[in-house]
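# Analysis of the macromolecular model
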Amino acid sequence: MIRKNLLLFILLTIIGSSCNKDGDPLFISVEDDKQLGLQVSQEIESNPTEYPLLDEATHPAAYNYLNNMRNEILNSGKVRYRDEFVWQMKIIHDDDVLNAFATPGGYIYVYTGLIKYLDKADDLAGVLGHEIAHSDRRHSTQQLERVYGIQMLLSVVLGRDPGQIQQIAAALAGNLAVLRFSRAAESEADEYSVEYLAETPYQCNGAFSFFQKLIDSKQAGRTPTFLSTHPDPEDRIGEINAKAQEIGCSIVPLDPPSYQDFKNSLP
Ligand SMILES: [Zn+2]
């Protein structure tokens with residue numbers, strides 16, 4: 001790992017920049033994404049006060065449900081790092097937080113507050129698709145690179161900067177405003193959510209219902225956490241529905257009754 005990063009530095013010095021599969025400038029490798037995600041997940045697990053994780057062993061039904069939904073999305077054939085990233089799902093037991101977030105390398109966190117807030121499986125599938133896209137399209141990596149710089153990120157990857165990992169975890173969880181994604185990254189995550197869901201039984205514009213519900217909550221005077229990192233819900237609804245129309249996928253809610261069982265399986 002050390003030798004690889006040294007080589008990367010030398011290469012970067014020579015050519016000045018690097019690109020990922022889509023031509024986005026990225027100095028951090030996919031291998032580093034995985035390491036960074038691992039470090040963040042360990043930080044989250046070591047801090048139950050900030051991140052009260054729901055224990056998988058005592059809530060197998062809830063995790064089964066979530067993992068099945070994840071698998072349906074991963075099997076869409078549209079997730080490019082499906083086999084490279086870990087795609088680990090964790091539920092954070094906090095009913096007051098309407099949020100979900102993803103780290104580089106595919107560690108996905110969903111708050112019980114969000115699961116309970118949503119009405120049907122399609123809505124959650126839309127959000128999961130969106131978060132999976134943030135990891136898979138490497139948006140979190142791009143944003144972290146921009147905010148923290150390459151050298152600092154690589155020292156975190158190498159385990160040399162344990163103090164910073166706490167800040168990075170908080171930033172990814174949306175607790176620090178610094179990590180707001182670009183509008184382009186948000187639109188891309190929304191579009192991929194539709195594309196993934198088009199290959200599943202769910203309503204492909206599931207993310208739309210979620211944003212609609214957020215708007216309704218906002219109007220009711222309650223501003224969900226997700227909106228601080230995901231602005232302009234009104235415009236995004238239009239974009240999500242336009243994408244669904246463009247690819248002609250099903251917008252009929254699947255709404256399996258098991259979503260209520262899933263909610264009931266949560267403490
Ligand atoms: Zn997002």
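Our subject is the structure that appears above.
I will try to describe carefully the structure that is included in this document. Residue positions are given per chain, counted from 1 along the sequence in the order it is written. Owing to the predicted nature of the model, reporting of local features is limited to residues with pLDDT of at least 70; listing and counting of side-chain atom pairs is limited to 80 or more, with chain, interface and lining totals taken over all residues. Based on all heavy atoms of the structure, the side-chain values leave hydrogens and waters out of the count.

## Re the state of the cysteines
Stated formally: Here, a disulfide means two cysteine sulfur atoms that sit within 2.5 Å of each other. Each helix corresponds to a stretch of at least 4 residues labelled H or I by DSSP, and each strand to a stretch of at least 2 residues labelled E; elements are numbered beginning at the N terminus.
Counted according to the given criterion, the structure contains one disulfide. Note on cysteine connectivity: Cys204 is disulfide-linked to Cys249, with sulfurs 2.0 Å apart. Between Cys204 and Cys249, the S-S torsion sits near 70 degrees, and that sign places the bridge as right-handed. Here the residue Cys204 occupies a position in the loop between α9 (183–198) and α10 (206–219), and Cys249 occupies one in the loop between α12 (233–247) and α13 (258–264), the gap between them amounting to 45 residues.

## Re the pairing of strand β3 (residues 107–111)
Convention followed: Accessible area is worked out with a 1.4 Å probe on protein chains only. A residue is then buried under 20% of its type maximum, exposed over 50%, and partly exposed in between. Note: two strands are recorded as paired if DSSP finds a minimum of 2 bridges between them.
Counting buried positions over the five residues of β3 gives five, a clear majority of the element. Alternating positions in β3 separate into two faces, Tyr107, Tyr109 and Tyr111 on one and Ile108 and Val110 on the other, with burial throughout. Across five bridges, strand β1 (residues 88–92) lies against β3 in parallel orientation. Residue pairing in the sheet places Ile92 in a bridge with Tyr111 of β3. Across three bridges, the pairing between strand β2 (residues 100–102) and β3 is antiparallel.

## Let's talk about the nonpolar core
When a protein is soluble and globular, its nonpolar side chains tend to lie buried together. Under the convention used in this document: To form a nonpolar core, buried Ala, Val, Leu, Ile, Met, Phe, Trp, Tyr and Cys residues must be joined to one another through side-chain atoms within 4.5 Å.
Ranked by size, the top nonpolar core spans 50 residues in total, and within it Leu124 and Leu128 carry the most contacts. Residues Leu36, Ile44, Tyr111 and Tyr148 belong to the second largest nonpolar core, which totals 26 residues.

## Re the side chain of Asp122
For clarity, the threshold we go by: Asp and Glu count as negative and Lys and Arg as positive, but His and the ends of the chain are not part of the count. What makes a salt bridge here is a side-chain nitrogen of Lys or Arg within 4 Å of a carboxyl oxygen of Asp or Glu, nothing more. Polar contact criterion, stated in full: a pair of N or O atoms within 3.5 Å, where within protein one must be able to donate a hydrogen and the other to accept it, and residues adjacent in sequence count only if both atoms are side-chain atoms. Throughout, a residue-residue contact means that at least one pair of heavy atoms, one from each residue, lies within 4.5 Å.
For Asp122, the position within the fold is in helix α5 (residues 121–136). Salt bridges are absent for the buried Asp122, whose nearest opposite-charge side chain, Lys120, sits at 5.2 Å. One polar contact links the side chain of Asp122 to the main-chain amide nitrogen of Asp255, over a distance of 2.8 Å. Excluding residues within four positions of it along the chain, Asp122 makes contact with Leu197, Tyr202, Gln203, Gly206, Pro253, Leu254, Asp255 and Pro256.

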